[in-house]
Amino acid sequence: MKTVEGTLKEIYKHSLEMLKHAETKNAALISFNGVIIIVLIKMAVDFKDYTFFFYYFCFTIAVCCVSTFLSLTSLVAQLKDKENELELPEDANLMFFGNIAHFSPEELLKTLKSRYNLRSKDDNYERDLARAVIVTAQIAKRKHKTFNTAMAWTFSGVATPLSVLIYKLFFDPNRK
């Protein structure tokens with residue numbers, strides 16, 4: 001029969017992997033935005049006589065700077081643990097870090113024991129382990145959420161000038 005401790009350790013490993021995944025994605029986005037910013041600064045200097053392109057390059061640089069800032073904020077350590085107050089359905093996936101982030105340690109232990117019919121060895125240790133699992137899941141969730149927001153900013157900066165260029169090349173009825 002599986003134990004609460006073993007199950008919590010499995011969930012912790014998964015949450016830790018998702019945390020590493022989120023950190024890697026944020027670091028990659030910081031690098032990607034850095035390259036875009038450097039290239040567009042060079043292009044803005046080269047196209048300074050073409051007002052339209054110059055301002056779009058400046059816009060994209062600004063938006064990529066916002067995205068980079070957001071990605072950098074995800075690297076700030078979370079030192080306080082807090083319990084989220086979100087109602088989860090009773091059949092919520094207990095292996096998904098995004099759901100685990102919304103439990104209190106007591107709720108998580110109670111739900112794990114009842115759903116998976118697990119036996120308990122040491123309530124104090126398991127409560128501390130559950131708290132560690134929840135905090136790790138919260139951090140991973142926050143980092144993924146920050147990445148998604150930063151990525152949206154990058155897309156809005158890169159896609160906007162690109163969409164204007166596509167319009168000008170293919171759909172502009174006044175094109176010569």
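Residues numbered from 1 in each chain as written. Predicted model: local features only at pLDDT ≥ 70, side-chain atom pairs only at ≥ 80, totals over all residues. Heavy atoms only, no water.

Help me understand the nonpolar core in this model?
In this structure, Leu8, Ile100, Leu108, Leu112 and Val133 are the most contacted members of the largest nonpolar core, which totals 22 residues. Mapped onto this core, the elements with two or more residues apiece are helix H1 (4–46), helix H3 (97–100), helix H4 (105–116) and helix H5 (123–171). With eight residues, the top contributor of residues to this core is H5. Beyond its immediate stretch of four places on either side in the chain, Leu108 contacts Leu8, Ile100, Phe103, Ala130, Val133 and Ile134. Listed in part, the seven residues of the second largest apolar core include Leu40, Phe57, Ile61 and Cys64. (Core = buried A, V, L, I, M, F, W, Y, C linked by side-chain atoms within 4.5 Å. Buried < 20%, exposed > 50% of the residue type's maximum accessible area, 1.4 Å probe, protein only. Helix = DSSP H or I, 4+ residues; strand = E, 2+ residues; numbered from the N terminus. Contact = heavy atoms within 4.5 Å.)

Which parts of the structure should I look at to understand the state of the cysteines?
Disulfides are covalent bonds that link the sulfur atoms of two cysteine residues. Under the defined criterion, the tally for this structure stands at zero disulfides. Unpaired in this structure, Cys64 has its nearest cysteine sulfur neighbour in Cys65, at a distance of 7.4 Å. For Cys64, a relative accessible area of 0% puts it in the buried group. Judged by relative accessible area, Cys65 falls into the partly exposed class, the value being 40%. (Disulfide = S-S within 2.5 Å.)

Please clarify how the pattern of salt bridges should be interpreted in this entry.
When charged atoms on two side chains of opposite charge get close, those side chains can pair. Enumeration over the complete set of coordinates arrives at seven salt bridges. Residue Lys2 is joined to Glu10 by a salt bridge in which the shortest nitrogen-to-oxygen separation is 3.3 Å. A residue is classified by how much of its surface remains accessible, and Glu10, at 42% relative accessible area, is partly exposed. A salt bridge links Lys20 to Glu17; the nearest nitrogen and oxygen atoms lie 3.6 Å apart. With a gap of three residues between them, Lys20 and Glu17 both fall in helix H1, about one helical turn apart. Under the relative-accessibility criterion, Glu17 is labelled partly exposed at 46%. (Salt bridge = Lys/Arg side-chain N within 4 Å of Asp/Glu carboxyl O.)

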